[in-house]
2 protein chains.
Amino acid sequence: MPKKIGQRKTQQREIIFEIIKNAPGPVSVQEILEAANTDEQSIGIATIYRTVKLLLSSHLIQSVTLPDGQARYENAELAHHHHFHCNKCGVVTDINECCMHLHDNEVAGNLIESHEITFFGVCKACRA
Amino acid sequence: MPKKIGQRKTQQREIIFEIIKNAPGPVSVQEILEAANTDEQSIGIATIYRTVKLLLSSHLIQSVTLPDGQARYENAELAHHHHFHCNKCGVVTDINECCMHLHDNEVAGNLIESHEITFFGVCKACRA
DNA sequence: TTCATTGCAAAGTTTTTGCATCTTT
DNA sequence: AAAGATGCAAAAACTTTGCAATGAA
């Protein structure tokens, strides 16, 4: 399955896609910007926004909108999972367990095809 | 349970809270602004933003983020519920049943304080 | 060499803040 | 009268866009 990112494969696009793929949870544009700007490399904010849009329309990443209203992006190839949002530090991480068992695919007369769960609380690090 | 809105009860705060409470669904800041500015009354945008924050921190309203990424607000007194988003007609409805039983208030080392679930599928009307 | 892509800076949007004035208590 | 709340306008924050320079093919 060839991954096509725009019409040309550039260093910036590779880096941005890698950052999103390797993150422990969905990342915001600000988080991508910080990760993309190190001593060795530097990517402009406009490129980040443009690349995120490009990756979205190529279905290589997908957006996750949590109840905090902040848009975040994650690799589109991930298995079914949910998200945990720390009320203290704001970090969002993936939760691979799914405690919902939809034997019942119907709720209140509606046919359920999928679901998204966001947990809120205090993360492992903030509890310490 | 007395409802305290800030330290003073003002007309603006009453109006904004009423708009949110009486709306048929969660409303955005823009929608509140439009509803609050009629021939008879006029409320500034800064007051809307300030009041929404105040109502949120007083837990009189809560924010809901629909798949369009826009932040919306609803009365917090609605019982614990979730949302169903119809993939066909786009309508969002409340789901009053909660099939999640968090006997376990810890997941992957994180302390769980609350959760939100969004179901996606085909609504009752679209199935007909 | 060609032309898509980048980075900067300017322009749009959205949200917050400072401050003088107004209103609640 | 005192102190919180409002409205305006300015400022800050967040996104998008134009354009000359750059770099992938």
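Definitions and limits used
Residues numbered from 1 in each chain as written. Chains lettered and ligands numbered in written order. Predicted model: local features only at pLDDT ≥ 70, side-chain atom pairs only at ≥ 80, totals over all residues. Heavy atoms only, no water. Near = heavy atom within 4 Å. Polar contact = N/O pair within 3.5 Å; in protein donor to acceptor, adjacent residues only side chain to side chain. Helix = DSSP H or I, 4+ residues; strand = E, 2+ residues; numbered from the N terminus. Nonpolar A, V, L, I, M, F, W, Y, C, P; charged D, E, K, R; others polar. Domains from an automatic or database assignment. Contact = heavy atoms within 4.5 Å. Buried area = accessible area lost by both parts, 1.4 Å probe. Salt bridge = Lys/Arg side-chain N within 4 Å of Asp/Glu carboxyl O.

Caption draft 1: Spotlight on the protein's contact with DNA strand D. Neighbouring residues of DNA strand D: 18 residues in total, closest A:Arg8, A:Tyr49, B:Arg13, B:Thr47 and B:Arg50. In DNA strand D, atoms within 4 Å of the protein come 66% from sugar and phosphate. A:Lys9 has a polar backbone atom sitting 3.5 Å from a phosphate oxygen of DNA strand D. Within the contact set of DNA strand D, a sugar or linking oxygen lies 3.0 Å away from a side-chain nitrogen or oxygen of B:Gln12. Counting only elements with at least two residues in the surface near DNA strand D, the list comes to helix 3 (45-57) of chain A together with helix 1 (11-22) and helix 3 (45-57) of chain B. Among the elements that make up the surface near DNA strand D, the one with the highest residue count is helix 3 of chain A (4 residues). Partitioned by chemical class, the residues of the surface near DNA strand D number 4 nonpolar, 7 polar and 7 charged.

Caption draft 2: Region of the structure containing the domain arrangement of chain A. Residues and elements named next belong to chain A. Annotation of chain A at the domain level lists domain 1 (11-75) and domain 2 (82-127). With centres defined by C-alpha atoms, the gap from domain 1 to domain 2 works out at 22 Å. On the side of domain 2, 8 residues touch domain 1, which itself brings 9 residues to the contact. Approximately 670 Å² of surface area, both sides summed, lies buried where domain 1 meets domain 2, with 62% of it carried by carbon and sulfur atoms. Counting across the domain 1 and domain 2 interface gives 0 salt bridges. Its residues placed into classes, the side of domain 1 that touches domain 2 shows 5 nonpolar, 1 polar and 3 charged.

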